[in-house]
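For reference, the chains in residue letters:
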Amino acid sequence: MMSLQGTRITWLGHATVLVQTSKGTNFLIDPFIAQNPKYPKNFVLPEKIHYILLTHGHGDHISDAAPVAAKHNSTVVAIYELAAYLAGKGVAHTIGMNLGGTVQLDDVAATMVEAKHSSAAQDERGTHDVGVAAGFVLTIADGPVLYHAGDTAVFSDMKLIRELYRPEVAMLPIGGHFTMGPREAALAVRFLEPKLVLPLHFGTFLPLKGTPEQLAALVDGGVQVARWTPGETIQN
Ligand code: NI
Ligand code: MN
């Protein structure tokens, strides 16, 4: 497998991913814990989660953002309107950004990129406009470039993500129904040309039927598609 140069990537089920850099910065992407049927039940998060990155406002991506931020003293990074929504929920430290922008988060440059998906947040007061859905490219100093696509359809401007950032690791939704499935994700892999694909957003609920095996059968042999299970860490 390609070298991650000390970066550790742990899948916590659905689209929830913990990224730990070799310099000790911890990122939790799209925390979905209490209501996530695939969250590894005995998993203990690191004491310090420096940054929580949110791709969009759906409950299966943000439902544990505020409690994790409170417990682990995290800064929440999201598109401007979603960051403001979480500040309104009592999150003390937020960074709002927008598509195409990059913020330096310690040893990681986090770039917000396009996704094709809806984004609204729902709570007891109704439905709220919290900006558009996004993905993140994480360019880690002395480490790999990672792409977490969030929830998305395939789109040809993934070629721009390749041209600009050259992600070596692509975390892609493959379950279908609410996002692309394996057929579309295989085209995304052609556009992105990563070395390693980490499939997300499959198997959590019955409609999310796509599998890593289906994707692996559709991509060329030079690209590795991980068969991983929630709680598993990719590192080397
Ligand atoms: Ni969604
Ligand atoms: Mn989702």
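What you see is a predicted model, and the numbers here were worked out from it, not measured in a lab. (Residues numbered from 1 in each chain as written. Chains lettered and ligands numbered in written order. Predicted model: local features only at pLDDT ≥ 70, side-chain atom pairs only at ≥ 80, totals over all residues. Heavy atoms only, no water.)

Engineer: I'd like to hear about unusual backbone geometry, residue by residue, with values.
Structural biologist: Positive phi outside glycine occurs at His14, with the angle close to 60 degrees. By the element assignment, His14 lies in the loop between strand S1 (8-11) and strand S2 (17-20). Not every positive phi belongs to a glycine, and Arg166 is a case in point at roughly 50 degrees. Mapped onto the secondary structure, Arg166 falls in the loop between helix H4 (158-165) and strand S13 (169-173). (Helix = DSSP H or I, 4+ residues; strand = E, 2+ residues; numbered from the N terminus.)

Engineer: Let's hear about the sheet that holds S1: which residues, and what values?
Structural biologist: Within the open sheet, the 7 strands sit side by side as S6-S5-S4-S3-S2-S1-S16. Their pairing is mixed. Every other strand in the sheet has two partners, leaving strand S6 (94-97) and strand S16 (233-234) as the edge strands with one partner each. The pairing of strand S4 (residues 51-53) with strand S5 (residues 75-79) spans 3 bridges and is parallel. Across the sheet, Tyr51 pairs through a bridge with Thr75, a residue of S5. Each of S5 and S6 is contacted by helix H3 (residues 80-88), which is oriented at about 140 degrees to S5, the strand it contacts most. (Pairing = 2+ DSSP bridges. Contact = heavy atoms within 4.5 Å. Axes fitted to C-alpha atoms, helices over the stretch in contact; angles between N-to-C directions.)

Engineer: Go over the pattern of salt bridges, please, and point to the residues and values.
Structural biologist: Pairs can form between side chains of opposite charge whenever their charged atoms are close. Inspection of the entire model under this criterion finds 8 salt bridges. One salt bridge in this structure joins Asp142 and Lys23, with 2.8 Å as the shortest N-O distance. Here Asp142 is found in the loop between strand S11 (134-140) and strand S12 (145-148), whereas its partner Lys23 is found in the loop between S2 and strand S3 (26-29), with 119 residues between them in sequence. Note on Asp142: relative accessible area 58%, which makes it exposed. The structure contains a network of salt bridges with shared partners spanning Lys89, Asp123, Glu124 and Arg125. (Salt bridge = Lys/Arg side-chain N within 4 Å of Asp/Glu carboxyl O. Buried < 20%, exposed > 50% of the residue type's maximum accessible area, 1.4 Å probe, protein only.)

Engineer: Quick rundown of the packing of aromatic side chains? Include the residues and the values.
Structural biologist: Scanning the model with the defined rule gives 4 aromatic pairs in all. Ring centres 5.3 Å apart and planes at 25 degrees place the aromatic pair Trp11 and Phe202 in the stacked group. Within this pair, whereas Trp11 is found in strand S1, its partner Phe202 is found in the loop between strand S14 (196-200) and helix H6 (212-218), the two being separated by 191 residues in sequence. A relative accessible area of 13% means that Phe202 is categorised as buried. The interplanar angle of 15 degrees and the centroid separation of 5.3 Å between the aromatic rings of Trp11 and Trp228 together place this pair among those described as stacked. Taken together, the positions of Trp11 in strand S1 and Trp228 in the loop between strand S15 (224-225) and S16 put the pair 217 residues apart, joining distant regions of the chain. Relative accessible area serves as the criterion here: at 4%, Trp228 is assigned to the buried category. Put simply, the rings of Trp11, Phe202 and Trp228 pair up and form one aromatic cluster. (Phe/Tyr/Trp six-rings, centres within 6.5 Å; stacked < 30°, edge-to-face > 60°.)

Engineer: Explain the coordination of the manganese ion (ligand 2) to me, and be specific about the residues and the numbers.
Structural biologist: Protein ligation of the manganese ion (ligand 2) involves Asp60 (OD), His61 (NE2), Asp151 (OD) and His201 (NE2), the donor distances falling in the range 2.1 to 2.3 Å. The motif formed by the donor residues of the manganese ion (ligand 2), counted along the single chain, is D-H-x89-D-x49-H. Between the manganese ion (ligand 2) and the nickel ion (ligand 1), both coordinated by Asp151, there is a metal-metal distance of 3.2 Å. Of this pair, Asp60 sits in helix H1 (residues 59-62) while Asp151 sits in the loop between S12 and H4, and the two are 91 residues apart along the sequence. Judged by relative accessible area, Asp60 falls into the buried class, the value being 18%. (Donors = N, O, S within 2.8 Å, 3.2 Å for Na, K, Ca; no water.)

Engineer: So, the nonpolar core: which residues are in play, and what are the values?
Structural biologist: In terms of nonpolar packing, the biggest core is built from 77 residues, with Ile9, Leu53, Leu54, Leu82, Tyr147, Leu172 and Leu198 touching the most fellow members. The dominant element in this core, judged by the number of residues it contributes, is helix H5 (residues 182-192), at 6 residues. Those residues within four positions of Leu53 in sequence are excluded, and the remaining contacts are Phe27, Leu28, Ile29, Asp30, Pro31, Val77, Leu105, Phe136 and Leu138. (Core = buried A, V, L, I, M, F, W, Y, C linked by side-chain atoms within 4.5 Å.)

Engineer: Would you mind going over the packing of H4 against H5 in detail, with residue names and values included?
Structural biologist: For the pair H4 and H5, interaxial distance at closest approach is 7 Å and the crossing angle is 35 degrees. Crossing of H4 against H5: the hand is right-handed. Contact residues: H4 offers Met158, Lys159, Ile161 and Arg162, while H5 offers Ala188, Arg190, Phe191 and Leu192. Looking at the contact of H4 with H5 residue by residue, the class counts come to 5 nonpolar, no polar and 3 charged. (Left-handed = near helix turned anticlockwise from the far one by under 90°. Nonpolar A, V, L, I, M, F, W, Y, C, P; charged D, E, K, R; others polar.)

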